[in-house]
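Examining the three-dimensional arrangement
As a plain string of letters, each chain reads:
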There are 2 protein chains.
Amino acid sequence: MGITPFPADDEKLTIDPDELQKATLGRWSDAHLWMRKEAESADLHHPIDLTLAEHRARNLEQLKLLTERNLISKAFPKRFGGEDDHGGNVAGFSELVHAHPSLQIKAGVQWGLFGAAILHLGTEKHHEKWLEDVISLELPGIYAMTEIGHGSDVDKVATTATYIPEDGEFEIHTPFKAAWKDYLGNAALHGKAAVVFAQLITKGVNHGVHAFFVPVRDEQGNFLPGVGGEDDGYKGGLNGVDNGRLHFDHVRIPRFNLLNRYGDVEEDGTYTSDIDSPGRRFFTMLSTLVQGRVSLSVSSSLASAVGLTGAITYANQRRQFNASSDIDEEFILDYQLHQRRLLDRLARTYADMFVSNDLLEKFNEVFSAEDDSDQNRQELETFAAAIKPTTTWNALDTLQECREACGGAGFLAKNRFTQLRADLDIYTTFEGDNNVLLQLVGRRLLTDYSKEFAGQSAGTVGRYLVEQANEAVYQRSGLRRVAQQVVDLGSDIRAGEWLKNEEVQHELLADRVRTRIASVASALRSVAKKSQAEQAAVYNQNQYEVIQAAKCHAELLRWESFTKVVHNTKDDDTRTILTWLRNLFTFSAIENDLGWFIENGRISQHRSRVLREYNNRLVARLRPYAQQLVDAFGFSQENLRMDITSGVEQQRQDEAAEYYRAQRASGDAPIHEKVLRRRAKQAAKQQKNG
Amino acid sequence: MGITPFPADDEKLTIDPDELQKATLGRWSDAHLWMRKEAESADLHHPIDLTLAEHRARNLEQLKLLTERNLISKAFPKRFGGEDDHGGNVAGFSELVHAHPSLQIKAGVQWGLFGAAILHLGTEKHHEKWLEDVISLELPGIYAMTEIGHGSDVDKVATTATYIPEDGEFEIHTPFKAAWKDYLGNAALHGKAAVVFAQLITKGVNHGVHAFFVPVRDEQGNFLPGVGGEDDGYKGGLNGVDNGRLHFDHVRIPRFNLLNRYGDVEEDGTYTSDIDSPGRRFFTMLSTLVQGRVSLSVSSSLASAVGLTGAITYANQRRQFNASSDIDEEFILDYQLHQRRLLDRLARTYADMFVSNDLLEKFNEVFSAEDDSDQNRQELETFAAAIKPTTTWNALDTLQECREACGGAGFLAKNRFTQLRADLDIYTTFEGDNNVLLQLVGRRLLTDYSKEFAGQSAGTVGRYLVEQANEAVYQRSGLRRVAQQVVDLGSDIRAGEWLKNEEVQHELLADRVRTRIASVASALRSVAKKSQAEQAAVYNQNQYEVIQAAKCHAELLRWESFTKVVHNTKDDDTRTILTWLRNLFTFSAIENDLGWFIENGRISQHRSRVLREYNNRLVARLRPYAQQLVDAFGFSQENLRMDITSGVEQQRQDEAAEYYRAQRASGDAPIHEKVLRRRAKQAAKQQKNG
């Protein structure tokens with residue numbers, strides 16, 4: 001008997017690894033597995049001991065390998081050798097994360113940002129002129145959006161592109177230091193041209209941010225006249241990517257170079273656009289960024305899975321302390337704390353994978369023009385804005401916990417946790433700062449919420465809140481069935497059944513978003529007629545709550561994706577285990593915000609206690625399947641390349657166990673002083689008694 | 001009017017920076033400031049672009065500078081040039097963290113572990129023979145305790161030291177691979193000798209773990225016969241430290257080399273010790289490790305302070321988005337979310353500093369023999385075991401949040417967040433894994449708790465718990481006054497006053513520890529007579545709760561230290577601001593565990609809401625003092641060496657503001673399309689109406 005007993009019948013369950021893996025990989029599992037295989041190739045990895053210059057040079061060479069092996073063109077049009085396959089492209093791209101994150105991001109800059117901007121913001125003539133060279137890497141490029149002084153607020157970039165009708169040219173100009181483009185991949189060394197985002201000014205009018213193709217370096221790699229820059233140097237990670245700064249001193253480019261799909265300038269300087277509203281036009285141009293966010297979501301969930309494969313495999317072989325026996329030490333995965341640390345995160349990682357797959361489907365819908373309506377595009381934006389923060393933060397948290405769960409071994413480069421974490425750190429703030437994205441989600445929730453109450457008086461919102469507190473609202477907003485089951489008279493079993501009910505789980509999570517948003521909406525409504533500054537102040541007083549609501553929304557989306565997979569799982573045992581895992585995801589999410597649920601009367605004090613205990617029981621129940629649950633991710637040792645997944649730990653344990661076994665058998669092992677003292681004590685006692 | 005208005009009278013408060021700095025530095029502020037000044041010296045820093053070999057070589061050279069400048073001998077006896085000053089030594093040592101963490105840790109290995117082991121575990125003859133060379137670095141050494149297969153469970157190390165009476169020698173031996181000593185600083189390259197922890201076996205009896213002085217390399221740096229090892233290679237950080245593995249194949253050392261302060265072997269092999277109990281003997285020998293834990297606590301709180309100085313300074317200069325005005329963008333520190341992100345952590349960091357200072361006082365008491373009673377030594381152990389985890393985790397969390405709060409700039413090496421964080425990562429698992437230490441705390445709390453109930457029947461504990469739930473216990477356990485104030489009839493003001501009451505805060509935090517421990521004690525008591533395996537299983541089922549209780553205990557200790565400082569602060573305004581900061585620490589701690597407090601009836605739902613709102617108000621109130629609160633830490637730019645603390649951001653902001661001001665004044669700024677459309681709309685409306 002070990003320290004974590006579990007019901008014997010549970011042990012009989014058998015996971016179907018194929019069905020499970022397919023579920024984690026989603027619709028584009030072929031693209032995942034194809035690239036995962038390619039990613040085993042050692043020439044796409046990198047030794048840890050490269051200098052900055054070597055790392056950057058190797059990264060560039062690896063980009064050439066990607067294009068030579070035709071691994072990156074899926075998303076481009078067929079006539080350029082691509083497949084017009086947007087979903088498959090992201091799925092494959094995401095698998096580069098375990099080969100070499102710097103390679104992934106430099107490839108992302110070249111083809112996912114620079115190339116995609118030409119593809120999506122440019123028109124036919126631009127595609128003909130540049131795309132072939134972009135795909136073949138003849139033309140390495142830069143995506144020059146962010147400025148030192150304007151990261152997340154792209155609308156306010158200060159770089160200008162002023163049309164000069166006499167010459168039929170735009171003049172690209174950086175008016176001050178804060179307007180320098182910064183943190184740009186390929187900018188320090190390799191980029192020959194840049195897609196520059198700048199305020200388009202013609203005939204004295206600023207038409208907002210547009211994208212321009214601007215050559216920046218000659219064939220020898222020297223800056224062209226008027227272009228300057230700086231190297232960003234070493235970073236916290238991703239040091240294979242040559243990030244840098246660029247600035248422009250009245251640099252002229254032909255009118256042709258305006259990427260004019262959504263806005264154009266005629267020869268005489270007349271501005272035209274199919275999209276009337278400058279706001280919507282800006283939003284549409286920026287929506288090319290969404291591919292990056294989707295890619296980061298899928299990649300981050302894979303990185304979490306890699307980390308957990310390492311830490312759980314290790315915890316299943318490594319032994320430490322001998323609480324329950326004088327002879328054998330326990331597997332560290334048998335400790336409850338270790339289970340909570342790793343299995344809670346395993347549940348979260350499964351949720352991340354499932355929701356990222358759904359996000360990718362939505363992305364494919366929009367970009368393959370299956371449904372690229374404005375409505376769907378906006379939904380995609382909000383979906384990505386909710387999921388990219390969750391998945392990227394979860395990857396950092398998971399990799400860190402995995403590293404700590406492996407102790408000193410976790411810190412060694414040969415086990416990869418630290419380098420992966422360092423590389424992924426920036427995923428939380430690039431392609432949209434996580435907190436800024438969550439605000440976007442929050443604002444969208446507020447808008448949807450006010451639409452629902454449109455036409456009703458301000459008092460309605462206020463009343464809604466009061467009613468919520470009274471729980472009377474349950475009758476009105478779909479929470480009825482939950483309320484009916486409230487009466488469990490303190491029975492643990494009934495409380496447990498209630499919590500396991502899917503409808504209850506959904507309502508708990510959905511209602512939390514709604515209630516939080518309602519309270520903010522009510523505060524905002526009270527100043528709706530006030531000055532801009534007063535409204536801003538009230539919004540700001542609720543900003544923290546808005547972010548919390550957006551996080552809760554992301555949790556709901558993950559729950560929904562997870563539950564969909566549970567329903568679609570055909571194998572009974574696999575479905576049962578996935579249900580436990582989904583329940584663990586739900587309950588540990590609720591446990592982390594229990595204050596809110598009890599404060600707002602959604603969960604009673606009694607149920608709260610049951611829920612806490614239930615989480616601890618769930619991890620013990622899942623513990624025997626932990627190895628299968630990570631093995632089902634299906635990474636090969638060539639993908640993982642961790643020392644601790646190579647089998648060395650098992651060898652060491654076997655060798656040590658055999659040594660002690662032989663020593664005990666030999667009978668000449670030294671006897672411990674503690675044992676002698678115990679015996680002496682007993683002997684003295686016997687003498688006294690006898 | 002900005003987006004975070006605060007009462008005008010608050011703005012009149014003036015912090016006394018000297019008093020505040022003194023409070024953060026504690027009793028050994030002189031030692032802090034002395035070393036902080038020394039740490040400005042560029043030859044103690046390191047460029048980011050060193051290869052592994054260069055980094056290690058530079059680190060060794062820097063160690064020589066430390067000894068040449070007489071910066072490391074404070075803790076050693078006066079006759080070796082030291083000052084017998086244990087508190088001052090740790091205070092000074094901790095300031096190396098901002099110079100170069102690798103330097104700090106390599107110095108810690110040489111003088112804090114290797115040297116301290118000889119000093120504290122050895123006797124006069126050992127001091128005479130080795131200490132001078134240890135201090136001068138003539139004898140670079142290794143502290144060989146941890147084994148690959150035994151990290152935290154030192155009691156079970158498998159390396160043996162068997163006494164051979166015929167030769168008057170010990171034979172040091174590594175029986176299998178899991179017993180290799182691992183993760184040892186100085187082991188890969190520079191160490192000439194090691195203090196090896198091994199099971200002392202003489203006359204067929206194992207007397208438990210003892211420390212032995214074992215030469216490992218000759219003058220040329222080659223391993224001596226029978227000694228072998230491996231290089232641990234690259235790590236997630238601290239790459240200036242040459243960590244490695246060692247193993248011993250029947251290596252002989254003279255009997256002299258047993259560090260025999262707490263246990264000795266006579267020439268004929270007879271074992272003697274002043275400490276009868278093998279358990280207590282082991283504990284006493286290990287207690288030399290406590291210096292490392294204290295040092296890491298002080299160092300980590302300084303690292304958090306460095307990070308916050310960077311991020312808050314930046315947030316006070318950088319502007320982004322213009323919510324409240326058409327012209328000016330907001331300081332990012334004016335956003336509520338940013339305040340919650342940084343000021344919550346500022347409060348925690350102040351708490352970490354204050355509690356680390358108290359820990360250092362306790363450490364000094366024991367090591368200066370002011371009070372080195374067993375009781376006090378045990379209290380020190382538990383104190384350190386509670387605070388080292390909190391401070392090291394908080395440093396990682398704070399540095400990460402600071403890096404994210406600075407966006408892309410936070411990721412650049414020149415702003416130092418990422419490298420500091422990478423270096424400090426391992427602080428959470430070395431010198432005692434944080435979770436293992438917290439278990440130690442938990443077990444101690446359980447022991448103290450059962451002592452209190454000793455002699456009472458098992459039922460007492462059970463009854464205690466029931467009574468807790470009934471709140472009747474308030475009458476009994478010092479919670480009476482809290483209970484008397486429970487009736488606030490839903491008044492926000494009364495609820496606020498209640499929360500701000502110091503006695504209430506203390507009881508809330510203290511009672512939480514006690515109640516959690518009581519529930520575990522009750523579960524354990526029910527199996528007190530059962531088998532070892534059954535007891536272990538029940539303990540394991542409560543392990544997560546034990547860890548939570550230990551974390552709560554650490555929070556209580558931090559609160560007590562913080563409050564003591566508040567009481568000792570003489571300047572009224574400074575005390576007021578520190579009180580707000582302490583309240584923010586308390587309330588955000590409670591907010592993070594609100595579920596527990598409401599579930600257990602300690603905080604009503606109404607008060608819970610008030611507390612949440614109060615936190616948001618507190619950060620707005622503290623916001624005007626944020627810069628002064630970090631400036632008071634008193635780091636120079638030579639200590640910080642962050643690009644963002646150099647003033648460049650302010651320059652960029654000023655330049656941009658001036659550009660826009662001039663543009664507005666000139667009247668020839670391009671007009672935005674949005675403005676034109678707005679005007680056209682208004683004109684159309686007027687025409688229609690008029």
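In this text the structure is predicted, and so the values were computed from the model without any measurement.

Observations concerning the sheet that holds strand β4 (residues 181–184) of chain A
Residue and element names in this part refer to chain A. With antiparallel pairing, three strands are arranged side by side in an open sheet as β4-β8-β7. A single partner strand is all that each edge strand has here, and the edge strands are β4 and β7 (227–231). Direction aside, neighbouring strands of the sheet carry axes that sit 25 degrees apart on average. Examined bridge by bridge, β7 and strand β8 (residues 244–248) share five bridges and lie antiparallel to one another.

A closer look at the UniProt feature "domain: Acyl-CoA dehydrogenase/oxidase N-terminal" (unreviewed entry) in chain A
Sites flagged by UniProt as "domain: Acyl-CoA dehydrogenase/oxidase N-terminal" (unreviewed entry) map to residues 59–137 of chain A. As annotated, residues 59–137 of chain A has a helix share of 72% and a strand share of 0%, and its two end C-alpha atoms lie 13 Å apart.

Structural notes on the relation of the copies chain B and chain A
Rotating chain B by 180 degrees about the axis while translating it 0.0 Å along that axis superimposes it on chain A, leaving an RMSD of 0.0 Å. Seen this way, the second copy is the image of the first under a two-fold rotation axis. Across chain B, the smallest distance between a C-alpha and the rotation axis is recorded for B:G595, namely 1.8 Å. Same-surface contact between copies: 100% of interface residues of chain B are shared with the interface of chain A.

Describing the UniProt feature "domain: Acyl-CoA oxidase C-terminal" (unreviewed entry) in chain A
Here the UniProt-annotated "domain: Acyl-CoA oxidase C-terminal" (unreviewed entry) positions come out as residues 505–640 of chain A. Annotated as 82% helix and 0% strand, the span residues 505–640 of chain A places its first and last C-alpha atoms 35 Å apart.

A word on the pattern of salt bridges
Residue and element names in this part refer to chain A. Counted under the stated rule, the structure contains 100 salt bridges over all chains. Among the ionic pairs, E95 bridges to R36, the shortest N-O distance being 2.9 Å. Here E95, found in the loop between α4 (86–94) and α5 (96–99), pairs with R36, found in helix α2 (residues 29–38); they are 59 residues apart in sequence, far enough to count as distant. For E95, a relative accessible area of 0% puts it in the buried group. Salt bridges here are not isolated pairs; linked through shared partners, they connect R341, R345, R348, D397 and E401.

Considering the environment of B:A680
Considering the arrangement of structural elements, one finds B:A680 in helix α26 (residues 673–689). Once the C-alpha coordinates of B:A680 and B:P77 are considered, the two residues, 603 residues apart in sequence, prove to be 85 Å apart.

Focus: the side chain of A:K74
Residue and element names in this part refer to chain A. Relative to the elements of secondary structure, K74 occurs in the loop between α3 (52–68) and α4. Exposure remark for K74: the relative accessible area of 12% places this residue in the buried category. Leaving out residues up to four positions away in the same chain, K74 has contacts with A31, W34, G82, E83, D84, D85, G88 and N89.

A few points about the interface of chain B and chain A
Of the residues lining the interface, 113 residues belong to chain B; the matching set on chain A comes to 113 residues. Between chain B and chain A, roughly 9,500 Å² of surface is buried when both sides are summed, and carbon and sulfur atoms account for 53% of that area. Looking at the side of chain B facing chain A, the largest losses of area belong to B:F411, B:Y544 and B:E599, adding up to 8% of the total buried there. On the surface where chain B and chain A come into contact, there are ten salt bridges. The partner of A:R612 in a salt bridge is B:E599, and the shortest N-O contact between them spans 2.9 Å. Summed over the shared surface of chain B and chain A, the number is 56 residue pairs in polar contact (both at pLDDT 80 or more). Per-element tally for the side of chain B that touches chain A: the top contributor is helix α18 (residues 532–541) of chain B, with seven residues. The residue makeup of the side of chain B that touches chain A, split by class, is 42 nonpolar, 37 polar and 34 charged. Of the pairings in the sheet, the one linking strand β12 (residues 671–672) of chain A to strand β6 (residues 205–215) of chain B comprises two bridges and is parallel in character. Note that in β6(B) the partner of A:H672 across the bridge is B:N206.

With respect to unusual backbone geometry
Positive phi values are uncommon outside glycine, yet A:A369 reaches one of about 65 degrees. Its place among the elements puts A:A369 in the loop between α10 (336–367) and α11 (374–405). Residue classification places A:A369 among the partly exposed positions, given a relative accessible area of 48%. If you check the backbone angles, B:R416 has positive phi at about 70 degrees while not being a glycine. Its location among the elements puts B:R416 in the loop between α11 (407–411) and α12 (417–424).

Observations regarding the environment of A:G496
All names here are of chain A. Secondary-structure assignment places G496 in helix α17 (residues 492–500). Classification of G496 as buried rests on a relative accessible area of 8%. Remark: the alpha-carbon pair of G496 and Q400, spanning 96 residues in sequence, is separated by 32 Å.

A word on helix α23 (residues 605–622) of chain A
For an α-helix, the turn length of 3.6 residues means that residues three or four places apart are oriented alike. Over its 18 residues, α23(A) extends 26 Å from the first C-alpha to the last, a length consistent with the 26 Å expected when each residue adds 1.5 Å. Within α23(A), 13 of the 18 residues are buried, leaving the element largely enclosed by the surrounding structure.

Basis of the calculations
Residues numbered from 1 in each chain as written. Chains lettered and ligands numbered in written order. Predicted model: local features only at pLDDT ≥ 70, side-chain atom pairs only at ≥ 80, totals over all residues. Heavy atoms only, no water. Pairing = 2+ DSSP bridges. Helix = DSSP H or I, 4+ residues; strand = E, 2+ residues; numbered from the N terminus. Axes fitted to C-alpha atoms, helices over the stretch in contact; angles between N-to-C directions. UniProt positions renumbered as here; feature names shortened; annotations may be inferred. Least-squares fit on C-alpha atoms with pLDDT ≥ 70 in both. Contact = heavy atoms within 4.5 Å. Salt bridge = Lys/Arg side-chain N within 4 Å of Asp/Glu carboxyl O. Buried < 20%, exposed > 50% of the residue type's maximum accessible area, 1.4 Å probe, protein only. Buried area = accessible area lost by both parts, 1.4 Å probe. Polar contact = N/O pair within 3.5 Å; in protein donor to acceptor, adjacent residues only side chain to side chain. Nonpolar A, V, L, I, M, F, W, Y, C, P; charged D, E, K, R; others polar. Expected span 1.5 Å × (residues − 1).

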